[in-house]
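Survey of secondary and tertiary structure
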Amino acid sequence: MERPKLEVADVFRRYGSAYRQQHAGSLSRGQRRVMSAIQLCRTAALGGHLEECDSCGHQRPAFNSCRNRHCPKCQSLARAQWLEDRQAELLPVPYFHVVFTVPEEIAAIAYQNKEVMYGILFRATAETLRTIAADPKHLGAEIGFLAVLHTWGQNLLHHPHLHCVVPGGGISPDRNRWIACRPGFFLPVRVLSRLFRRLFLEHLQTAFDTGKLQFFSSLERLRDPKAFAAYLSPLRQTEWVVYAKPPFGGPEQVLNYLGRYTHRVAISNNRLLNIDHGRVAFRWKDYRDHDQQKTMTLETDEFIRRFLLHVLPDGFQRIRHYGFLGHRYRQAKLALCRQLLGVVLTLTGLAPRQDKPDYRDLYEKLTGKSLRECPVCHRGQMVAIAVLSASDRAPPFATP
């Protein structure tokens, strides 16, 4: 497969060392670790193996991946495997896409308190969807959905929001029937927005009262309870952005759509246009200007700063499942959903998993693209002939 000509790793390799030195006091351990992982990904520093074509004799080194979830090069296989796991959970109903976004004032607090604030975003969103859906005035059913956290906009600035994908209906309170949404309509977004705003601010106040929030720099004044209350007061009156996109046509479209959201990172390598003279140019879509494709050029320090805004806390779960898709009762409740919808599972869908396949076989199965085919003759297969040990001496761009 043809690799992008430019990569985020190239930015870190050329300018990362200077950035570390200049921002030594503000870089977190996690951010340093992400920079190093991306720089070292698929290089001799991580080791690998030497491959040779069994037809023409062409040789190539295949170095190991870093597998960091922030690395643009390491998401394809993880995404494909995740989508295969989700395929068995799809129901033959329309699916809806609902997005929950917080105001800029909340985003500022969130950047200084990522784990707490992103957790509140998930909690308030889940409570909002489940509460309104369970209300007989709207749907009157138990729903299931997954939520994916994104923390960026197209310009790489901090913009935390949740993408929720929801089957169009749910289980009735007596568990005897499937209650479907009205055609083309899930839940009223204004009602969702108002409840989301109230629940989020309630959880935020609780986090403040229990000492879970920290404030620095321009937000340091918010340590005072009166200043914090005054900061939040206008937000109780403004409209918070919750919007629903048009429903999907069916389950087969859901997987294609999810593949674009679940394992995305702040910027993909194929958006990069140029890295030169201390600047990075990349493509971006301006949603405020009728989705126009534009080019943005940033100083390398600013590009790196924006990329690192989106490093998540260690172990933080950015994809979560709720309702009848929640992990604890998922299998039993999905079985009930299928029963109520009259869906019959084939034996193939219930087949037990086999031993873990080679990653190249798995990649080809899930994507249709071969990692084994010789890139030169396109007839032979690339076969591993030697192990390449990790370099004893790290490249000069690595973190010491």
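Residues numbered from 1 in each chain as written. Predicted model: local features only at pLDDT ≥ 70, side-chain atom pairs only at ≥ 80, totals over all residues. Heavy atoms only, no water.

**Quick look at the pattern of salt bridges**
What counts here: We define a salt bridge as a contact between a side-chain nitrogen of Lys or Arg and a carboxyl oxygen of Asp or Glu at a distance within 4 Å.
Tallied over the full model, the rule gives 16 salt bridges. In the salt-bridge network here, residues are joined through shared partners; they are Arg86, Glu89 and Arg330.

**Brief notes about the sheet that holds strand S13 (residues 382-388)**
Using the following cut-off: Two strands qualify as a pair provided DSSP detects at least 2 bridges between them. Counting from the N terminus, the helices are the DSSP runs of H or I reaching at least four residues and the strands are the DSSP runs of E reaching at least two. Between N-to-C directions, angles cover 0 to 180 degrees, with each direction set by a line fitted to C-alpha atoms, over the stretch in contact for helices.
A sheet is described by the order of its strands in space; here 3 strands give the open sequence S2-S1-S13, paired in antiparallel fashion. On the outer flanks of this sheet lie strand S2 (59-63) and S13, each paired with one strand and no other. Geometrically, the sheet is characterised by an average inter-axis angle of 30 degrees between neighbouring strands, direction not taken into account.

**Thoughts on empty space enclosed by the protein**
How we decide: Method remark: on a 1 Å grid restricted to protein atoms, a set of points is classed as a cavity if a 1.4 Å probe fits but cannot get out and as a pocket if it is open with protein on both sides within 12 Å along at least five of seven lines; lining residues have an atom within 4 Å of a point. Grid points are joined across faces, edges and corners, and a volume is the space filled by probe spheres set on the points. Classification convention: Asp, Glu, Lys, Arg as charged; Ala, Val, Leu, Ile, Met, Phe, Trp, Tyr, Cys, Pro as nonpolar; all other residues, Gly among them, as polar.
Per the counting criterion, the structure on display carries 2 cavities of 30 Å³ or more. Roughly 130 Å³ of volume is contained in the largest cavity. What lines the largest cavity is a set of 13 residues, and nearest its centre among them are Glu89, Leu90, Tyr95, Leu146 and Leu325. Among the elements of the structure, strand S5 (158-167) and helix H8 (251-258) are those that each provide at least two residues to the lining of the largest cavity. When the residues that make up the lining of the largest cavity are grouped by side-chain class, the tally is 11 nonpolar, no polar and 2 charged. If you add up the space inside the second largest cavity, you get close to 40 Å³. Around the second largest cavity, the lining residues are His97, Leu146, Val148, His163, Val165, Tyr257, Leu258 and Tyr261. Mapped by element, the contributors of at least two residues to the lining of the second largest cavity are strand S4 (144-152), S5 and H8. Residues that form the lining of the second largest cavity fall into these classes: 6 nonpolar, 2 polar and no charged.

**Overview of the nonpolar core**
Rules: We define a nonpolar core as any set of buried Ala, Val, Leu, Ile, Met, Phe, Trp, Tyr and Cys residues linked to one another through side-chain atoms lying within 4.5 Å. To sort residues, take the accessible area from a 1.4 Å probe on protein chains only and compare it with the maximum for the residue type: under 20% means buried, over 50% means exposed, and anything in between is partly exposed. Throughout, a residue-residue contact means that at least one pair of heavy atoms, one from each residue, lies within 4.5 Å.
Residues Ile106 and Phe200 are the most contacted members of the largest nonpolar core, which totals 52 residues. Elements supplying a minimum of two residues to this core: strand S3 (95-101), helix H4 (104-112), helix H5 (114-134), S4, S5, helix H6 (189-209) and helix H7 (225-232). Among the elements that line this core, the one with the most residues is H5, at 10 residues. For Ile106, the contacting residues outside a window of four places in its chain are Met117, Phe200, Leu201, Leu204, Leu232, Leu235 and Trp240. Counting 29 residues, the second-largest nonpolar core is a separate cluster that includes Leu6, Trp152, Val280 and Leu308.

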